[in-house]
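Fold and geometry: a report
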Amino acid sequence: MGENRKPDWESALHRARTHAPFLGRALERNPELAALLARGEGEAALVWAREQGANPDPEVALRRERLALAAALAVGDLAGAFPLSRVVGELTAFADRALDRAIRTAITERTGSDSADGFIALALGKQGAGELNYSSDIDPILLFDRERLPRRASDDPGEAAQRYARRVVALLAGNTADGYVLRVDLRLRPASEISPLAVPVGSALTHYQGQALAWERAAFIRARAAAGDILAGEDFLTQIRPFVWRSQLDFGAIEEISALTHRIRDSHAGPPAPGPGFDVKRGRGGIREIEFYAQTLQLIHGGRDTSLRVRGTHPALDALAAAGWIAPENAVTLGEAYDRLRQVEHRLQMVNDRQTHTLPDGEAMDNVARLDGLADGVALIAELTAVTARSARLYEELIGRSEPAPAPVPMPVSAFARQLGEWGFPDPDVLAERVEGWRDGRYAAIRSPQALAAWDRLAPALLEAMAHSDDPMRAVTRWERILESVPSAITTFRLLGARPDLIRRLVAALTLAPVLSDELARKPELLDTMIDHDALDLPGDVAQIMARMKGAAIRDDYESLLDAIRIVTGEVRFALGIQLIEGLADPLDIARALSRTAEAALRLAADATVEEFAAKHGRIAGSELLILGLGRLGGGALTHASDLDIVYLFSGDFSAQSDGVRPLGATTYYNRLASRVGAALSVPTAQGALYEVDTRLRPQGNQGPLAVSCEAFGKYQREAAWTWEHMALARARVLYGSPAMRAELEAVLAEVLHARRDKAALREAVLAMRAEMAKHKPQSGPIDAKLARGGLVDIEFLVHYLQLKNEAADGSPLAGAAAQSLSPDLEVALGGLAAAGLIPVDLAAPHALMSRMLVAGRLLAPDGREPPPSGARALARACGHATYAELLDAFAAARQSVARAWKQILGTDILPSQQETQT
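Remember, predicted model here, so these are calculated numbers, not experimental data.

Across its full length, the protein holds 40 helices and 11 strands. Projected onto its principal axes, the C-alpha coordinates of the protein cover approximately 105 × 75 × 55 Å. In the protein, which comprises 919 residues, the share counted as buried stands at 56%. Long-range pairs, those at least 24 residues apart, make up 72% of the contacts in the protein with a sequence separation of at least 6. On the protein, roughly 37,700 Å² of surface is accessible, and the fraction owed to carbon and sulfur atoms is 52%. Separation between the mean location of the 103 positive side-chain charges and that of the 119 negative ones in the protein comes to 1 Å.

When a protein is soluble and globular, its nonpolar side chains tend to lie buried together. Judged by nonpolar contacts, the single largest core of 158 residues is most densely connected at Trp455, Met466 and Trp479. The greatest single-element share of this core, amounting to 15 residues, is contributed by helix 28 (residues 587-617). Discounting chain neighbours no more than four positions away, the residues touching Trp455 are Val435, Trp438, Arg439, Ile446, Leu462, Trp479 and Phe493. With 99 residues, the next largest nonpolar core counts Ala34, Ala106, Leu171 and Ala321 among its residues.

Summed over the entire model, instances satisfying the criterion amount to 51 salt bridges. Among the charged side chains, a network of salt bridges with common partners joins Asp77, Arg340, Arg347, Asp372 and Glu383.

Attention now goes to the pairing of strand 3 (residues 141-144). Residues Ile141 and Leu143 line one face of strand 3 and the alternating positions Leu142 and Phe144 line the opposite face, and both faces are buried. Here strand 1 (residues 119-123) runs beside strand 3; their pairing, made up of four bridges, is antiparallel. Considered in strand 3, the bridge of Ile120 is made with Leu143.

Note that Arg742 resides in helix 33 (residues 739-753). Despite its burial, Arg742 pairs with no opposite charge, the nearest such side chain being Glu599 at 5.3 Å. Side-chain polar atoms of Arg742 contact the backbone oxygen of Leu735, separated by 2.7 Å. Here Gly737 takes part through its backbone oxygen, which lies 3.0 Å from a polar atom of the side chain of Arg742. When neighbours within four sequence positions are excluded, Arg742 is seen to be in contact with Arg603, Leu626, Val734, Leu735, Tyr736 and Gly737.

This part covers the packing of helix 2 (residues 21-29) against helix 16 (residues 328-352). Helix 16 packs onto helix 2 with a crossing angle of 60° between their chain directions and a minimal axis gap of 4 Å. Looking at the two axes, helix 2 sits oblique to helix 16. Together, Pro21, Phe22 and Leu23 of helix 2 and Met350, Val351 and Asn352 of helix 16 make up the contact between the two elements. For the contact of helix 2 with helix 16, the residue count by class is five nonpolar, one polar and no charged.

Before going further, it helps to spend a moment on helix 14 (residues 287-301). Here helix 14 is 15 residues long and its end C-alpha atoms lie 22 Å apart, about the 21 Å a rise of 1.5 Å per residue gives. Of all 15 residues making up helix 14, 14 are buried, and the element is well covered by its neighbours.

Enumeration over the complete set of coordinates arrives at 13 aromatic pairs. Plain terms: the ring middles of Trp455 and Trp479 are 6.2 Å apart, the flat faces sit at 20° to each other, and that makes the pair stacked. Here the residue Trp455 occupies a position in helix 21 (residues 449-467), and Trp479 occupies one in helix 22 (residues 472-485), the gap between them amounting to 24 residues. Through a chain of ring-to-ring contacts, three or more aromatic side chains come together here, namely Tyr208, Phe220, Phe236 and Phe243. In this arrangement the basic side chain of Arg86 is found over the ring face of Phe82, its NZ or CZ atom lying 5.3 Å from the centre. Over the aromatic face of Phe891 sits the side chain of Arg895, whose NZ or CZ is 5.4 Å from the ring centroid.

It is worth spelling out the packing of helix 37 (residues 844-860) against helix 38 (residues 869-878) at this point. The geometry of helix 37 relative to helix 38 is characterised by a closest axis approach of 9 Å and an angle of 155° between their N-to-C directions. Comparing their axes, helix 38 and helix 37 come out roughly antiparallel. Taken as a pair, helix 37 and helix 38 cross one another with a handedness that is right-handed. Judged by residue contacts, Arg852, Met853, Ala856, Gly857 and Leu860 of helix 37 engage Gly871, Ala874, Leu875 and Ala878 from helix 38.

Adjacent strands of a sheet form backbone hydrogen bonds with each other and so pair up, either parallel or antiparallel. Overall, mixed pairing links the four strands, which are arranged 5-3-1-6 in an open sheet. Looking at which strands have only one partner, the edges of the open sheet turn out to be strand 5 (198-200) and strand 6 (224-228). Averaged over neighbouring strand pairs, the angle between their axes works out to 35° when direction is ignored. Along the sheet, helix 9 (residues 201-210) makes contact with strand 1, strand 3 and strand 5, crossing strand 5 at roughly 80°.

The subject of this paragraph is helix 39 (residues 884-906). Taking 1.5 Å of rise per residue, the 23 residues of helix 39 would be expected to cover 33 Å, and the 32 Å separating its terminal C-alpha atoms lies within 8% of that figure. Here helix 39 has its buried residues at Tyr884, Leu887, Ala890, Phe891, Ala894, Arg895, Ser897, Val898, Ala901, Trp902, Ile905 and Leu906. Gly907 occupies a position one or two residues after helix 39 and carries a positive phi of about 80°.

On the surface, a cluster of positive charge is made up of Lys616, Arg662, Arg672 and Arg676. Its place among the elements puts Arg676 in helix 30 (residues 666-682). Overall, the relative accessible area of 41% leaves Arg676 in the partly exposed class.

Within the element layout of this structure, Val507 appears in helix 24 (residues 501-512). For the pair Val507 and Ala467, spaced 40 residues apart in sequence, the C-alpha to C-alpha distance is 9.6 Å. When sequence neighbours within four positions are dropped, the list of residues in contact with Val507 reads Leu462, Ala465, Met466 and Ser469.

Inspection of the secondary structure assignment puts Ser135 in the loop between helix 7 (125-129) and strand 2 (137-138). For Ser135, the residues in contact, after removing those within four places along its chain, are Arg66, Tyr180, Arg183, Gln349, Asp353, Arg354 and Gln355.

For the rest of this paragraph, the subject is the environment of Leu374. Secondary-structure assignment places Leu374 in the loop between helix 17 (362-372) and helix 18 (377-399). Non-local contacts of Leu374, meaning those with residues more than four positions away in its chain, are made with Arg340, Ala369, Ala379, Leu380 and Glu383.

Located in the positive-phi region is Asp353, a residue other than glycine, with phi close to 55°. Note that Asp353 resides in the loop between helix 16 and helix 17. Owing to a relative accessible area of 10%, Asp353 belongs among the buried residues under this scheme. Even without a glycine there, the phi angle at Asp427 is positive, about 50°. Of note, Asp427 is situated in the loop between helix 19 (413-423) and helix 20 (428-437). Residue Asp427 is classed as exposed on the basis of its relative accessible area, which comes to 58%.

Scoring rules and cut-offs
Residues numbered from 1 in each chain as written. Predicted model: local features only at pLDDT ≥ 70, side-chain atom pairs only at ≥ 80, totals over all residues. Heavy atoms only, no water. Helix = DSSP H or I, 4+ residues; strand = E, 2+ residues; numbered from the N terminus. Buried < 20%, exposed > 50% of the residue type's maximum accessible area, 1.4 Å probe, protein only. Contact = heavy atoms within 4.5 Å. Areas by Shrake-Rupley, 256 points an atom, 1.4 Å probe, with all protein chains shown as cover. Lys, Arg positive; Asp, Glu negative; His and termini not counted. Charge placed at Lys NZ, Arg CZ, Asp CG, Glu CD. Core = buried A, V, L, I, M, F, W, Y, C linked by side-chain atoms within 4.5 Å. Salt bridge = Lys/Arg side-chain N within 4 Å of Asp/Glu carboxyl O. Pairing = 2+ DSSP bridges. Polar contact = N/O pair within 3.5 Å; in protein donor to acceptor, adjacent residues only side chain to side chain. Axes fitted to C-alpha atoms, helices over the stretch in contact; angles between N-to-C directions. Parallel < 35°, antiparallel > 145°, perpendicular 65-115°, else oblique. Nonpolar A, V, L, I, M, F, W, Y, C, P; charged D, E, K, R; others polar. Expected span 1.5 Å × (residues − 1). Phe/Tyr/Trp six-rings, centres within 6.5 Å; stacked < 30°, edge-to-face > 60°. Lys NZ or Arg CZ within 6 Å of the ring centre and 35° of its normal. Left-handed = near helix turned anticlockwise from the far one by under 90°. Patch = residues over 30% accessible without salt bridge, like charges linked within 9 Å, V, L, I, M, F, W, Y side chains within 5 Å.

Here it is as structure tokens:
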């Protein structure tokens, strides 16, 4: 019946009495219910059915409520008044109520207490998903907390829990004169062949965290704390979340589900297409395959895409379509097929209240069809044939084939060598022996039969792509380093095999960017970032990145948060690196994104460290930690090789004391806290290192304390700081602190930068510092855009000189629009200085070009030397030029522009270094 048609209660009651003996008996036993349905009062009928559960005897109450509810829902379903979602939702809600009442009854009978504390019922399967059918069994997992379980003083907790479990099953599944409540299947519990009916929470955690099987992950997608101690159940599910939702993309799920599908199809004796004996649940294109379709994609992507962590089949399909993992039309096709198959399943079960999914034959088939409102069984079979064909096609596209794929047969070494030679590898015979050696067990990553099979499928495409790179043998060697460093690579092999376009990106990372290949060797799971839908998008603002980092924490504790910060930072940095070498984003945007990511990591790590530190040492009233970013971090434009230049400060009275159980004086307090924050940002955890932190720009450098008061900082900058320290301060930005204290510190910075200076002395200091830097840090290679004379350092010196000189072209202090010239962002400062007439307008373009060269060069030419051909092309593309030769010409012209500006502003020539002359 269509959901938009007017409900036909008369026809529904007639069909129920004529074609469904079970419904006929239920209506006969409940005449008041039948009368409500005859009048079309469906909602009132449901209320009446629920009221049957008020009987004080739970065995009687639950059975009578179940019978009345089944009848009311069935007739409403047949009438077209209740959509499928309402039907399965009501059936699930009843199952939850019944399970909870059975648990409380079992405990009350033994202890006299109505408390279910410490006894947990997790709903799995269709109950967990909120999709129970008329004759579903329920598949709960019963857990108990030995310390909290209500019991008699003489009862052992384990024995008491088993007694309660047995009573729950008897209350629900036992057949009495009123029938049964629910069939109960406890076989989904951990190690069901040897474990008790109710499992201790600790044992269950141990199982799922280290011993569980692959199918259990799929089962727990739909798990829900349904009855008993709900809060304890939700806490348990939170603790095993990493088992269910793996942070690494799990393309092995396809293979596992595919194998399970073929086992089910092989063991199913029924026909492959709708007809007598066809199973609408297990058959090809049936209910289970649609559920598997959704669950497989949830398993693959749900660890990283939290929007997919939903329980029901329909919600899962909708979420997959909304996130772009499947086409919207496929979600509609499968959703409509699922609904129709579930309706037919219900019709089969309504007839005699049996848990059946199989189409009957002859008159019984016609009977089911007419109960559904069709003319006969032929019409039903025709409809189901079309429905299952559509869903089977989509499912088989996902798992790859309608039959299991044969294991690949490795090519003989001699033939393999010929193939390598045809691809262009040097010394193909030697390489063939080398690659064949990877299969002999020397690497754990290619040791299991499954890993060998996955590698054999991947190897031809991967090696051919390597052969076409600039440096095939470098690619092979770096790939070998990855194999050496990981205990398992089967998921990586499957990931690459499932997405051949990723092979090209992998080879680019291995050959073009040593930084990326080194990261891959340490953390091969970074390959996952290539397939994320947002991997080729720039990350959001600082708040969004912080939220992502928080969401990646698997537990609510300090160590887990630090790991999550490192995981997300590594993923973002790697993804930005891929975007850069493929020319998918402007290096200037990448630099800003890297800075936002570092700022998010700093803020989150500082927040967590402040709280962790305060738990032991308390807080200091009227005082707080502030963090100042300098250098490229202060300017908001990092590269992949940037350190974090930071200065720690604190507000308030330096003689104050904290109020914790272990109080500290303010200076000691903030120096220790600053050290902890630095460690949070730099010390490696299980997820590796994060950033190098450089605090040498603090007052008195390495000779001074790590953290000083804002008052002492201001006094030092006004009275004792060198010119180079004020130049560094020109790129300072307050990254951490309350809004009020940020404003106070910014006022101190402005006061220092606006101070009147001896112009001649300033000029001499700037020239001397630049000459000294050129002497000790010469240009490293022909494309070193930072240190080359006429490069970025010279632009920075010009900008900082003019910022500290602090007067417009007419001699007045910088103000108004020209105040932009004091921005720590060099791009903004250049605009402000140009507006004030202090610097040539055309200096912005050279700065942008060389900034792009610096950001891209840190990956493609980290030593400043000319990269190989593919790297040179990638560098040129990143910098907006068609060829590397064009880039070099533009670089030379940009340096000339800077040299002219230097001459104009400082009155001297930029002399080429000895190395440049040789170049």
